[in-house]
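For reference, the chains in residue letters:
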Amino acid sequence: MTDILKPAGRRRLSMVDVAAHAGVSVGTVSNVLNRPELVAERTLRRVRASIKALGFVPSAPARQLRGGSGRSVGVMVRDIGNPFFSEVLPGIETRLSQEQLLLVLCSSGDSAEKEAHYLQILEQHRVPGILITPAGPDISHLVELRARGVGMVLLDRPGADAQLCAVAVDNVRGGELAGAHLLSLGHRRIAFLNGPPIVRQCADRREGLNRAVRAAGLDPDEVITEVTLPALTPREGEAALERLPARKGPTALFCVNDTVALGALRGLERRGVRVPHDMAVLGYDDVEFAELLSPSLTSVRQPKHQLGQAAAELLLTDARGDVNHWHQEIVFQPELMVRASTVPQ
């Protein structure tokens, strides 16, 4: 665990702040927000200008989730259908339930617009904090949201130069483990079924694979054939097989996650390709079904439950708004789980 020296003191704005800024009563601010027809046009403009200048976001008490204001914590992931996130969530829930906090789950679907929509709703409901796997590389809007008083922790994503607390796994190291394993088995033509390069985890796993190839004294351009998938699903994993070179094709597949590997295994079976004799297959995440597949899937394991618990613990600390709080980045190490999809057993 690395402590990043950056204090985080801040206070959430209220209607009192808006009233003081605009030179009106709190009741007038309330009317502007809820019954603007009762407010004179000149006063209405002044209060709205103060709201904009301060960056004040009104709460939504009428729509407040059951359990009361401040008793819900937002968790936003990129894809709720990804088993990796399903296995991270119990770790989060275990820790939050100890504080009698309700977990509110949102899925951005890798859409920045959808992410912004859910963030606005969560802020309006006055959640004390949000755990988030961002949809894109830009996190400036998350930094701004935290400055307005919402605790914020990046989940499965490095802390971006200590701007926010973060919990992640060393994906570069994970890519190295995968590449070194395949190279040790004699594979010199590896297909990497990867996701969009804008996704940090995909970029890091690619970098790790390249490092492993270079460490073996080989040229990544000659060893690796990368296929970029539009979505990390079994369907896309199977479809990617059609995009592999027919002449001097790969002898091993490194799939960026286990759901992609599931699709690749299904497609190889349909084509009569024997795994691992004709084609080795390696996944990433080591989700629950990986060991249950036939053949069982070699995969890079991430400590998912610990990841969730650590993220929740950091969020509880960050959401308290302690002026002595320092941003922290907790990085777990991955582990290679060798099974029958790469080594006959």
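Residues numbered from 1 in each chain as written. Predicted model: local features only at pLDDT ≥ 70, side-chain atom pairs only at ≥ 80, totals over all residues. Heavy atoms only, no water.

All right, on to the sheet that holds strand β10 (residues 280–285) then. With respect to topology, 6 strands assemble into an open sheet ordered β8-β7-β9-β10-β11-β13, the strand pairing being mixed. The open sheet has two free edges, formed respectively by β8 (224–228) and β13 (335–337), since each of these has just one partner strand. Taken pair by pair, the neighbouring strands of this sheet meet at an average axis angle of 20°, ignoring direction. Where strand β11 (residues 298–301) lies against β13, 3 bridges are found, and the strand directions are antiparallel. Looking across to β13, one finds that V300 is bridged to L336. (Pairing = 2+ DSSP bridges. Helix = DSSP H or I, 4+ residues; strand = E, 2+ residues; numbered from the N terminus. Axes fitted to C-alpha atoms, helices over the stretch in contact; angles between N-to-C directions.)

Taken as a whole and judged by the stated rule, the model has 3 cavities of 30 Å³ or more. Here the largest cavity defines a volume of roughly 90 Å³. Contributing to the lining of the largest cavity are 13 residues, with R78, N82, D156, Q201 and R205 lying nearest its centre. Elements that contribute at least two residues to the lining of the largest cavity include exactly α4 (83–98) and α8 (200–215). (1 Å grid on protein atoms, 1.4 Å probe; cavity = no way out; pocket = protein on both sides within 12 Å on 5 of 7 lines; lining within 4 Å. Points joined across faces, edges and corners; volume = space filled by probe spheres on them.)

The next thing to look at is the nonpolar core. Formed by 39 residues in total, the largest nonpolar core has its most connected members in L193, L253, F254, C255 and V281. Mapped onto this core, the elements with two or more residues apiece are α7 (171–184), β7 (190–194), α8, β8, β9 (252–255), α11 (258–270) and β10. Here the element with the most residues in this core is α11; it accounts for 5 residues. Core analysis: the next-biggest nonpolar cluster, separate from the first, contains 25 residues, F84, F85, C165 and L316 among them. (Core = buried A, V, L, I, M, F, W, Y, C linked by side-chain atoms within 4.5 Å. Buried < 20%, exposed > 50% of the residue type's maximum accessible area, 1.4 Å probe, protein only.)

Enumeration according to the criterion identifies 19 salt bridges in this entry. Among the salt bridges present, the one from R45 reaches E41, with a minimum N-O distance of 3.7 Å. Taken together, the positions of R45 and E41, both in helix α3 (residues 41–54) and 4 residues apart, correspond to about one turn of that helix. Take R45: its relative accessible area is 51%, and that puts it in the exposed class. Among the salt bridges present, the one from R214 reaches E207, with a minimum N-O distance of 3.3 Å. Looking at R214, the relative accessible area reads 43%, which means it is partly exposed. (Salt bridge = Lys/Arg side-chain N within 4 Å of Asp/Glu carboxyl O.)

Among the 6 residues of strand β2 (residues 72–77), 6 are classified as buried, and the element is accordingly described as predominantly covered. Here β2 shows two buried faces, one formed by S72, G74 and M76 and the other by V73, V75 and V77. Relative to strand β3 (residues 102–107), β2 runs parallel, the two being bridged by 6 bridges. Across the sheet, M76 pairs through a bridge with C106, a residue of β3. At this point the chain moves from β2, through α4, to the parallel β3, and the crossover so formed is right-handed. (Right-handed = clockwise from strand over helix to strand, strands pointing away.)

The next subject is the environment of L185. Along the chain, the position of L185 falls in the loop between α7 and β7. Along the sequence, L185 and A20 sit 165 residues apart, while their C-alpha atoms lie 70 Å from each other. When near neighbours in sequence (up to four residues on either side) are disregarded, L185 contacts T342 and V343. (Contact = heavy atoms within 4.5 Å.)

Turning our attention to the confidence of the model for the protein chain. Residues of the protein chain with pLDDT of at least 70 account for 91%, and the chain-wide mean is 88. Predicted confidence is poor over residues 1–8, with pLDDT under 50, and the contacts of this stretch with residues over four places away or in other chains come to 25 contacts. Considering only residues more than four positions removed or in separate chains, one finds that residues 61–69, a stretch of pLDDT under 50, has 9 contacts. (pLDDT = per-residue confidence, 0-100.)

All right, on to the packing of helix α1 (residues 15–22) against α3 then. Closest axis-to-axis distance for the α1/α3 pair is 9 Å, and the angle between their directions is 120°. Comparing the axis directions of α1 and α3 gives the class oblique. Regarding α1 and α3, the two cross each other, and that crossing is right-handed. Residues D17, V18, H21 and A22 of α1 pack against R46, V47, S50, I51, A53 and L54 of α3. (Parallel < 35°, antiparallel > 145°, perpendicular 65-115°, else oblique. Left-handed = near helix turned anticlockwise from the far one by under 90°.)

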